[in-house]
Amino acid sequence: MTAYIVEDGPQSGWLKVYIAGTDTVGGVESLGSIPNPEGVALHISDGYLKTVIDANAAATLDIGIGAINADSTNLCSAYDINGAAHEAVIYIVGKDAASEAAATTPKGLLWAANTYLNFYNPAAAVSAPWEGYLYLRYIRIGEDLTAA
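What comes next is a walk through the structure. (Residues numbered from 1 in each chain as written. Predicted model: local features only at pLDDT ≥ 70, side-chain atom pairs only at ≥ 80, totals over all residues. Heavy atoms only, no water.)

Quick look at the side chain of Asp46
At step 1: Note that Asp46 resides in strand β4 (residues 42–53).
At step 2: Of the side chains with opposite charge, Arg137 lies nearest to the buried Asp46, which makes no salt bridge, at 4.7 Å.
At step 3: At 3.1 Å, the side chain of Asp46 and the side chain of Tyr91 are in polar contact. (Helix = DSSP H or I, 4+ residues; strand = E, 2+ residues; numbered from the N terminus. Buried < 20%, exposed > 50% of the residue type's maximum accessible area, 1.4 Å probe, protein only. Lys, Arg positive; Asp, Glu negative; His and termini not counted. Salt bridge = Lys/Arg side-chain N within 4 Å of Asp/Glu carboxyl O. Polar contact = N/O pair within 3.5 Å; in protein donor to acceptor, adjacent residues only side chain to side chain.)

Structure follows, in structure tokens:
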């Protein structure tokens, strides 16, 4: 797995996820899946993607909520992670501001309790050595029925 939650200190209410590309020949691979960290419905209200190292090839990145290792695109779709084609930080989801061009949910997104935050390279290109961080702010909107 090349995606995981980073716990290197306080994030001021933000979930910080590290993602790395892979050397899979031909691309089209999962870069990791993160289970819902709270176990209840969450509303993602804000998000940014920061690139640390660019991809050498014409890889792209999909980010979204769905079944484990699914190519989910409801947060970001086919974002070019090649060095010549992207910004260092992009707005993934927010209130009424424009977000990443192909995003389908610029006003937030529901993250159901039993689903995953997925990272996927749909391009037929190696995504290594790309590395980045996704920062998400969310609000718990579901109940934890096991706590009662």
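Describing the environment of Ala70
At step 1: Along the chain, the position of Ala70 falls in the loop between β5 (60–66) and β6 (76–80).
At step 2: The exposure class assigned to Ala70 is partly exposed, which follows from its relative accessible area of 25%.
At step 3: Here the alpha-carbon distance between Ala70 and Gly32, two residues 38 residues apart in the chain, equals 9.4 Å.
At step 4: Among all residues touching Ala70, those that are not within four sequence positions of it are Asn118 and Tyr120. (Contact = heavy atoms within 4.5 Å.)

Remarks on the pairing of strand β10 (residues 131–140)
At step 1: Examined bridge by bridge, strand β2 (residues 14–20) and β10 share seven bridges and lie antiparallel to one another. In the sheet register, Lys16 faces β10, and the bridge partner there is Tyr135.
At step 2: With ten bridges joining them, β4 and β10 adopt antiparallel strand pairing. Paired with Thr51 across the bridge in β10 is Gly132. (Pairing = 2+ DSSP bridges.)

Re a nonpolar patch on the surface
At step 1: Together, Leu110, Ile139 and Ile141 make up an exposed nonpolar region whose accessible area comes to about 290 Å².
At step 2: Mapped onto the fold, Leu110 is located in strand β8 (residues 109–111). (Patch = residues over 30% accessible without salt bridge, like charges linked within 9 Å, V, L, I, M, F, W, Y side chains within 5 Å. Areas by Shrake-Rupley, 256 points an atom, 1.4 Å probe, with all protein chains shown as cover.)

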